[in-house]
Amino acid sequence: MTLVIDQVTKRYQDFTAVDQLSFTIKKGEIFGLIGQNGAGKTTTFRMILDLQETTEGDITWNEQPMNKVNRDILGYLPEERGIFPTMAVEEQLYFFGILRGWTKKDLKKEVDYWIKRFDLEDKRKAKAETLSKGNQQKVQLIASFIHQPEFLILDEPFSGLDPVNRQLLMNAILFLKEKGTTILFSSHQMDNVEELCDHLCVLKKGASLFTGSLLDLKEQYGKIKLSIRSELEESQLNALPGVKRVKKTKDGYTLLLENELYGEQLFQILGKGKYMEKFSMDYLSLDEIFKDLVGGEHV
Amino acid sequence: MSKFWLLATQLYKQKIRSKSFIFSTLLYVAIVSGIMFWSDIKAAIFSEEPLKIAMVNDTKQDFKEVFQSDDDVKFSFPTEDQATIEKQIKAEKLDAAVFLTEKDGRLNAEIVTYTPLEFNDQTKLSSMIQYAGKIYAVQQLHLTTKQAAQIIESQTPIHMKNLDMQKQDGKSEDEKAAGIGASILVGSIVYSIVISFLSIITTDVASEKGSRVLEVLLASVKPSTHFLAKITGTYLLAFSQVALLLVVQILLLLTVDDGSKWKKVAGVIENLSVSYVVYTLAYLILSIFLFLIVGALFGSLVSKVEEAGQTMMPVMFMGIAGFYVLMSGLYSPDTLLVKIFSFIPFTTVMVMPLRIGATDLSPTEPLIALIILIATVVVLFYVSLSFYKRSVLTYSSGGIIQKIKTVLKVTT
């Protein structure tokens, strides 16, 4: 089971929201769609869900066009909170489950399980509007997958969650993956993307800057982040061969290299054959790569 | 349960359990019952003493047959002089006195009060005095009793004959009165439905859109299913309210005062023609549909529920306009204004039943209005549905025209 997005473009009268976008998500994979605000993530989700038509290109699920796909296999968590404000938590979960073709009897086990897992037991009968933002997010998240969808789309699932609840949510996403759910999600928090994603697509103004595995992306940049502890001044480090930029940190310096091949040479220069407390060559973090790709700074 | 019925019943259950709906329904039923049974309520709560009116007759004619006492007025015929009577009025032993005298061969009356009479009482007394005046005038001609009765009781029977074959079924006065009465009822029901249920559907769609739950729903159901479910749910809600209102009224009519009012209502219904009932029901069903379609569309245009009230004002004004034209037509149902509004789809249901019931119009006119209404509902349904699909996920600010422009801009 795969989702294939093939040369998809969404054009409005005076601007292009998504431009020639292509990627594939395999069954049971977690795929991250990252990009700045207005990069075209939500438009892409809406086209996948057949809420908006594509201007050009095709989107298929198991080689079937999306408008022919049974919608009950889909789950969707929109970026902004989408629950009935005056409906009780439990009632809400049953409603969305029944809407996706489940019976109340079959849903009971699922509803009880997820309410307990997300620590919402005492909020069962509470109206959604009376819950905290984090709890509303948890209810909405459960509502999006209470029917065990084959394909789940999560638009910014971590926004508004504290670190404890974020971890709770991460574990839930990994749990769904283990059960075979294919997940496509977007997030501004790159550490979450890095931890969860197998593959990703980086969007800028509707166009893809990179599509592939996270490791491929990192390898594309190479191990160009050098962390050292040194007695040299910042200006001296800047003058070393292959060094693009130097940043002082609490614990020494981080150097951005033009190429990871300079590593060996710098090891020789800085260590002079002696013991060095710290010399570490790393890949850039996704956050740093993202900033670089979309035009910001890194390191 | 299908997705359509799940959404329709979800709206229905949610609204019918809401305190505001229960309260407004009870208030509505109470107000309508209050108006229908006002005379009984008034009699039960304000058990007033009958008016005491002294008739001081200075003519040779006996008017005791004309001024007969009833529950509201008690007439006395004292022989004291005017000053004594006026003292009694000042002392509030009498509410009024009527001094009947003769002047130039005609009856002359002077009504003396301390506290002015209420409008209804004054009208009733005046009409009795007018009647007495006629009798007096006839008596002055020295006719026999039979001749006098012939003049006073005479009423010219009027038969309508229309040479236009299509308009031969002229309505009797009773039928026209029944038509006007039923039209007021239909007009009032439609007016209240338009105001309350237009608001319900518009705010419901707007609130789902504003809370973004609509995006989740539309990921699972087609916009057309959602659109139809909203209209159906609200329709059921309106139907429930009207049904409750009718059941309560029928029960009250059957039980209050041993069902005497029910007989009057049954009389009115008997006088209604079959075509009146069929057309009115058809207009009613289609018009509610028409207003709900527009309500759902307008709800989908706004970005948040706070903007819903402002957006539905134009449609509400159509309802209000129809109601005012109906009211203006109660006394003159043949005016050009009434004719024009009876063909406008948004006001047909309020105005055309009045014309069918109270005027002798060609049978093709109600049919043309019905065809226009059906065509408008069909066209508006498809236009709204097409627009709804595009507007439910478009968020914009500004007035209604700006919102429509934005929807067209980002979806074409």
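Reading the values: the criteria
- Residues numbered from 1 in each chain as written.
- Chains lettered and ligands numbered in written order.
- Predicted model: local features only at pLDDT ≥ 70, side-chain atom pairs only at ≥ 80, totals over all residues.
- Helix = DSSP H or I, 4+ residues; strand = E, 2+ residues; numbered from the N terminus.
- Contact = placed C-beta atoms within 7 Å.
- Rg over C-alpha atoms; globule rule 2.2 N^0.38 Å.
- Buried ≥ 20, exposed ≤ 12 C-beta atoms within 10 Å, placed from the backbone.
- Pairing = 2+ DSSP bridges.
- Axes fitted to C-alpha atoms, helices over the stretch in contact; angles between N-to-C directions.
- Nonpolar A, V, L, I, M, F, W, Y, C, P; charged D, E, K, R; others polar.
- Domains from an automatic or database assignment.
- Parallel < 35°, antiparallel > 145°, perpendicular 65-115°, else oblique.
- Left-handed = near helix turned anticlockwise from the far one by under 90°.
- Expected span 1.5 Å × (residues − 1).
- Core = buried A, V, L, I, M, F, W, Y, C linked by C-beta atoms within 7 Å.
- Arc of directions from axis to C-beta.

Here we come to the overall build of chain A. Counting secondary structure elements, chain A contains 10 helices and 14 strands. Over its C-alpha atoms, taken along the principal directions, chain A stretches across nearly 70 × 45 × 35 Å. Within chain A, contacts between residues separated by at least 24 positions form 68% of all contacts whose residues are at least 6 apart in sequence.

Counting its regular elements, chain B contains 17 helices and 4 strands. Here the C-alpha radius of gyration of chain B, 29 Å, is well above what a compact globule of 412 residues would show, namely 22 Å. If you line up chain B on its principal axes, its C-alpha atoms span 90 × 55 × 40 Å. Taking all 412 residues of chain B together, 31% fall into the buried category. Long-range contacts, defined here as pairs at least 24 residues apart, represent 72% of the contacts in chain B between residues at least 6 apart.

Once that is clear, we can look at the sheet that holds strand E13 (residues 252-257) of chain A. Residue and element names in this part refer to chain A. Within the open sheet, the 4 strands sit side by side as E12-E13-E11-E14. Their pairing is antiparallel. What marks the edges here is a single partner per strand, and that holds for strand E12 (243-249) and strand E14 (279-282). Pairs of neighbouring strands in the sheet enclose a mean axial angle of 20 degrees, with direction left out of account. Of the pairings in the sheet, the one linking strand E11 (residues 225-228) to E14 comprises 4 bridges and is antiparallel in character. Looking at the pairing, Ser 227 lines up with Ser 280 of E14. Across the sheet, helix H9 (residues 262-271) lies against E11, E13 and E14, angled at about 165 degrees from E14, the strand it touches most.

Every contact between the two is made by 20 residues of chain A and, on the other side, 16 residues of chain B. Among the elements of the structure, strand E6 (74-77) and helix H2 (89-99) of chain A are those that each provide at least two residues to the side of chain A that touches chain B. Among the elements that line the side of chain A that touches chain B, the one with the most residues is H2(A), at 3 residues. When the residues that make up the side of chain A that touches chain B are grouped by side-chain class, the tally is 12 nonpolar, 3 polar and 5 charged.

With that settled, consider the domain arrangement of chain B. Entries for chain B in the domain assignment read domain 1 (3-34 + 170-411) and domain 2 (51-152). For domain 1 of chain B and domain 2 of chain B, the distance between their C-alpha centroids amounts to 52 Å.

Residue and element names in this part refer to chain B. One can describe the packing of helix H15 (residues 348-358) onto helix H16 (residues 364-391) by two numbers: an axis separation of 11 Å at closest approach and a directional angle of 165 degrees. Comparing the axis directions of H15 and H16 gives the class roughly antiparallel. By crossing handedness, the relation of H15 to H16 is classed as left-handed. Across from Thr 348, Met 352 and Ile 356 in H15, the residues of H16 making contact are Pro 366, Ala 369 and Leu 373.

Looking now at the sheet that holds strand E3 (residues 96-103) of chain B. Adjacent strands of a sheet form backbone hydrogen bonds with each other and so pair up, either parallel or antiparallel. Residues and elements named next belong to chain B. Taking strand neighbours across the sheet as the criterion, the 4 strands line up as E2-E1-E3-E4 in an open arrangement whose pairing is mixed. Each edge of the open sheet carries a strand with a single partner, namely strand E2 (73-76) and strand E4 (106-113). Each neighbouring strand pair of the sheet contributes to a mean axis angle of 25 degrees, computed without reference to strand direction. As defined by bridge partners, strand E1 (residues 51-57) adjoins E2 across 4 bridges and the pair is classed as parallel. Within E2, the residue paired with Leu 51 across the bridge is Val 73. Against the sheet, helix H4 (residues 82-90) makes contact with E1, E3 and E4, and its axis sits at roughly 155 degrees relative to E3, the strand it touches most. Here helix H5 (residues 119-139) sits on the sheet in contact with E1, E3 and E4, set at roughly 155 degrees to E4.

It is worth spelling out the environment of B:Gly133 at this point. Residue and element names in this part refer to chain B. Mapped onto the fold, Gly 133 is located in helix H5. Taking the number of C-beta atoms within 10 Å as the measure of exposure, Gly 133 has 16 and is therefore partly exposed. Remark: the alpha-carbon pair of Gly 133 and Leu 107, spanning 26 residues in sequence, is separated by 5.3 Å. Setting aside chain neighbours within four positions, we find Gly 133 in contact with Arg 106 and Leu 107.

This part covers the environment of B:Lys304. All names here are of chain B. Relative to the helices and strands, Lys 304 resides in the loop between helix H11 (274-301) and helix H12 (308-311). Each C-alpha atom, one on Lys 304 and one on Leu 94, is 65 Å from the other, the two residues being 210 residues apart in sequence. If near-sequence neighbours (up to four positions away) are discounted, Lys 304 is found in contact with Ala 206 and Gly 210.

With that out of the way, let us pick up helix H1 (residues 3-16) of chain B. The terminal C-alpha atoms of H1(B), which comprises 14 residues, lie 20 Å apart, in line with the 20 Å expected from a rise of 1.5 Å per residue. At its buried positions, H1(B) is contacted by H2 of chain A together with helix H2 (19-36), helix H7 (173-210) and helix H9 (223-255) of chain B.

Moving on: the nonpolar core. Counting residues in hydrophobic clusters, the biggest one holds 139 residues, and the most contacted among them are A:Ile183 and B:Ala296. Residue contacts for B:Ala296: discarding those within four places in its chain leaves B:Ile201, B:Val205, B:Phe227, B:Lys230, B:Ile231, B:Ser384 and B:Tyr388. In terms of nonpolar packing, the next biggest core, distinct from the first, is built from 19 residues, B:Phe63, B:Phe75, B:Val98 and B:Leu125 among them.

So, about unusual backbone geometry. The backbone of A:Glu63 shows a phi angle near 65 degrees, a positive value even though the residue is not glycine. In the Ramachandran plot, B:Glu92 falls in the positive-phi region, its phi being about 60 degrees despite a non-glycine side chain. Inspection of the secondary structure puts B:Glu92 in the loop between H4 and E3. Classification of B:Glu92 as exposed rests on a count of 10 C-beta atoms within 10 Å.

Turning our eyes to something else, we now look at the packing of H7(B) against H11(B). Residues and elements named next belong to chain B. Interhelical geometry of H7 versus H11 gives an angle of 20 degrees and a closest axis separation of 8 Å. By the angle class used here, H7 and H11 are roughly parallel. Along this stretch, H7 crosses H11, giving a crossing that reads as right-handed. Within the contact of H7 with H11, the residues separate by chemical class into 16 nonpolar, 8 polar and 2 charged.

What follows deals with helix H5 (residues 163-178) of chain A. All names here are of chain A. Along its 16 residues, H5 runs 23 Å from first to last C-alpha, staying within 8% of the 22 Å computed at 1.5 Å per residue. Buried within H5 we find Leu 169, Ile 173 and Leu 176. Buried positions in H5, seen along its axis, are confined to an arc of 60 degrees and lie on one side of it. Facing away from the buried side of H5 by more than 90 degrees, the exposed set consists of Pro 163, Val 164, Gln 167, Asn 171, Phe 175 and Glu 178. Buried residues along H5 sit against strand E3 (30-35), helix H4 (133-145), strand E7 (151-155), strand E8 (182-186) and helix H6 (190-196). Remark: Gly 180 follows H5 within two positions and exhibits a positive phi of approximately 100 degrees.

Moving on: the pairing of strand E1 (residues 3-11) of chain A. Residue and element names in this part refer to chain A. For E1 and strand E4 (residues 56-61), the ladder comprises 5 bridges, and the chain directions are antiparallel. The partner of Val 4 across the bridge, within E4, is Thr 60. Here E1 runs beside strand E2 (residues 16-25); their pairing, made up of 6 bridges, is antiparallel. Residue pairing in the sheet places Val 8 in a bridge with Leu 21 of E2. Between E1 and E2, which pair antiparallel one after the other, the connecting turn spans 4 residues.

Turning our eyes to something else, we now look at the environment of B:Gly319. Residue and element names in this part refer to chain B. Among the secondary structure elements, Gly 319 is positioned in helix H13 (residues 313-329). In the structure, Gly 319 is positioned 129 residues away from Val 190 in sequence and 8.3 Å away in space, judged by C-alpha atoms. With residues near it in sequence (within four places) discarded, Gly 319 still touches Tyr 191, Val 194 and Ile 195.

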